[in-house]
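# Summary of the model geometry
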Amino acid sequence: MQPGELISSDRGARQVQPVDLPRAWAVLEQVMDPEVPVVSVVDLGIVRDLTWEAGHLHLVVTPTYSGCPATEVIEGDIRQALEGAGFAAPRLERRLTPAWSTDWITEQGRERLRAYGIAPPEGSGSKRSLLGGEPPQVCCPLCGSAHTELLSQFGSTACKALYRCRDCLEPFDYFKCL
Ligand SMILES: [Zn+2]
């Protein structure tokens, strides 16, 4: 032990201050989507609000797909990460309206999806797919070609579709627009 070093039992006792909010965001940036482990909950845009109320963190979380089994896992991961960083008993509020949209995925999140080999959602919102219009132009995340074809509406999870690139011939997942 060094003088001034925190003993582990002290960590939970320290009061959270509003000034700690940036640190809480930094912790959340390390909490990854269990299905796509390169994008964080911040990249996905599911943490809608983070405030400090009466000595506790208060988070508003909107699940990506309601009924998606990953939701419980994500909320558990968020809680665990914050508690591990010394934020005692964070309060999570699940908000379903407005519904999450792929528009909320940050630019950094889209870059990370592409780097992982998943084509990020194209265009904005779901209006187009609801109206049954033209399918989106999906570019190959591996070579960038726009020469792609839909193989299956369902990829590795229900949230993704399976495409194949006609140029490099690689199959890849496309993150569906919502
Ligand atoms: Zn390609």
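Residues numbered from 1 in each chain as written. Predicted model: local features only at pLDDT ≥ 70, side-chain atom pairs only at ≥ 80, totals over all residues. Heavy atoms only, no water.

### What to know about the nonpolar core
Here is the rule: Only buried residues count toward a nonpolar core. Its members are Ala, Val, Leu, Ile, Met, Phe, Trp, Tyr and Cys residues joined through side-chain atoms within 4.5 Å. When a residue's accessible area, from a 1.4 Å probe over protein chains only, is under 20% of the maximum for its type it is buried; when over 50% it is exposed; and in between it is partly exposed. Helix numbers and strand numbers start at the N terminus; a helix is a DSSP run of H or I with at least 4 residues, a strand a run of E with at least 2. Segment limits for the domains were obtained from an automatic or database-derived domain assignment. Contact between two residues is taken to exist if any of their heavy atoms lie within 4.5 Å; hydrogens are not considered.
Leu28, Val41, Leu59, Ile78, Leu82 and Phe175 are the most contacted members of the largest nonpolar core, which has 27 residues in total. Elements that contribute at least two residues to this core include exactly helix H2 (21-28), helix H3 (41-44), strand E1 (47-53), strand E2 (56-61) and helix H4 (70-84). Examining the composition of this core, we find that 4 residues originate from one element, H2, more than from any other. Taken domain by domain, this core gets at least three of its residues from each of domain 1 (8-94) and domain 2 (105-175). In this view, Ile78 contacts Leu28, Val31, Val41, Leu59, Val61 and Leu92; residues no more than four positions away in its chain are not counted.

### Examining H2
What counts, and what does not: Arc, as used here, means the arc of the directions from the helix axis to the C-beta atoms.
Among all positions in H2, only Leu21, Ala24, Val27 and Leu28 are buried. The buried residues of H2 occupy an angular sector of 110° when projected down its axis, which confines them to one face. Those residues of H2 hidden inside the fold are in contact with H3, E1, E2 and H4.

### Here's the deal with the pairing of E1
Cut-off, in case you're wondering: If DSSP finds at least two bridges between two strands, the strands pair.
Pairing analysis gives 6 bridges linking E1 to E2, with the strands arranged antiparallel. Bridge pairing in E2 links Leu50 to Leu59. Turn length for the E1-E2 hairpin, with the two strands adjacent in sequence and antiparallel, is 2 residues, and the turn residue Ala54 shows positive phi of about 50°.

### As for the coordination of the zinc ion
Using the following cut-off: Here a donor is any nitrogen, oxygen or sulfur atom (N, O, S) within 2.8 Å of the metal, with 3.2 Å used for Na, K and Ca; water is not among the atoms considered, so some sites may look incomplete. Under this scheme a four-donor centre is tetrahedral when all angles range from 85 to 135 degrees, a four-donor centre is square planar and a six-donor centre octahedral when opposite donors are above 155 degrees with the rest from 65 to 115, and any other centre is irregular.
The zinc ion binds to the protein through Cys140 (SG), Cys143 (SG), Cys165 (SG) and Cys168 (SG); the donor distances cover 2.3 Å. Of note is the zinc ion, whose 4 donor atoms meet at the metal with angles of 102 to 120° in an arrangement that counts as tetrahedral. Along the chain, the residues that donate to the zinc ion are spaced as C-x2-C-x21-C-x2-C. Of this pair, Cys140 sits in the loop between helix H6 (127-130) and strand E5 (148-152) while Cys165 is found in strand E6 (residues 160-165), placing the two residues 25 residues apart along the sequence. What makes Cys140 buried here is its relative accessible area of 3%. Taking the relative accessible area as the measure of exposure, Cys165 reaches 1% and is therefore buried.

### A closer look at the packing of aromatic side chains
Stated precisely, the cut-off is as follows: Two rings from Phe, Tyr or Trp (for Trp, the six-membered ring) form a pair when their centres are within 6.5 Å of each other. A pair whose planes differ by under 30 degrees is stacked, one over 60 is edge-to-face, and the rest are tilted.
In the structure shown here, the tally under the stated rule is 3 aromatic pairs. Considering the side-chain rings of Trp100 and Phe175, the 6.4 Å spacing of their centres and the 55° angle between planes classify their relative orientation as tilted. Taken as a pair, Trp100 in the loop between strand E3 (91-94) and helix H5 (107-116) and Phe175 in strand E7 (residues 171-175) lie far apart in primary sequence, 75 residues in all. The exposure class of Phe175 is buried, given its relative accessible area of 3%. Consider the rings of Tyr163 and Phe172, whose centres lie 5.9 Å apart with planes at 20°: the pair is stacked.

### Some words on the sheet that holds E6
Taking strand neighbours across the sheet as the criterion, the 4 strands line up as E4-E7-E6-E5 in an open arrangement whose pairing is mixed. At either margin of the open sheet sits one strand with a lone partner, and together these are strand E4 (118-119) and E5. With 4 bridges connecting them, E5 and E6 associate as antiparallel partners. Looking across to E6, one finds that Thr148 is bridged to Cys165.

### A few points about the side chain of Thr71
Considering the arrangement of structural elements, one finds Thr71 in helix H4. Accessibility expressed as a relative area gives 9% for Thr71, which makes it buried.

### Focus: the pattern of salt bridges
This is how it is decided: By definition here, a salt bridge exists when the distance from a side-chain nitrogen of Lys or Arg to a carboxyl oxygen of Asp or Glu is within 4 Å.
In total, this model carries 8 salt bridges according to the counting rule given. Across the pair Arg112 and Asp43 runs a salt bridge whose closest N-O atoms are separated by 2.6 Å. With Arg112 in helix H5 and Asp43 in helix H3, the pair connects residues that are 69 residues apart, well separated along the chain. Assessed through its relative accessible area of 30%, Arg112 is described here as partly exposed. A network of salt bridges, in which partner residues are shared, links Glu72, Glu75 and Arg94.

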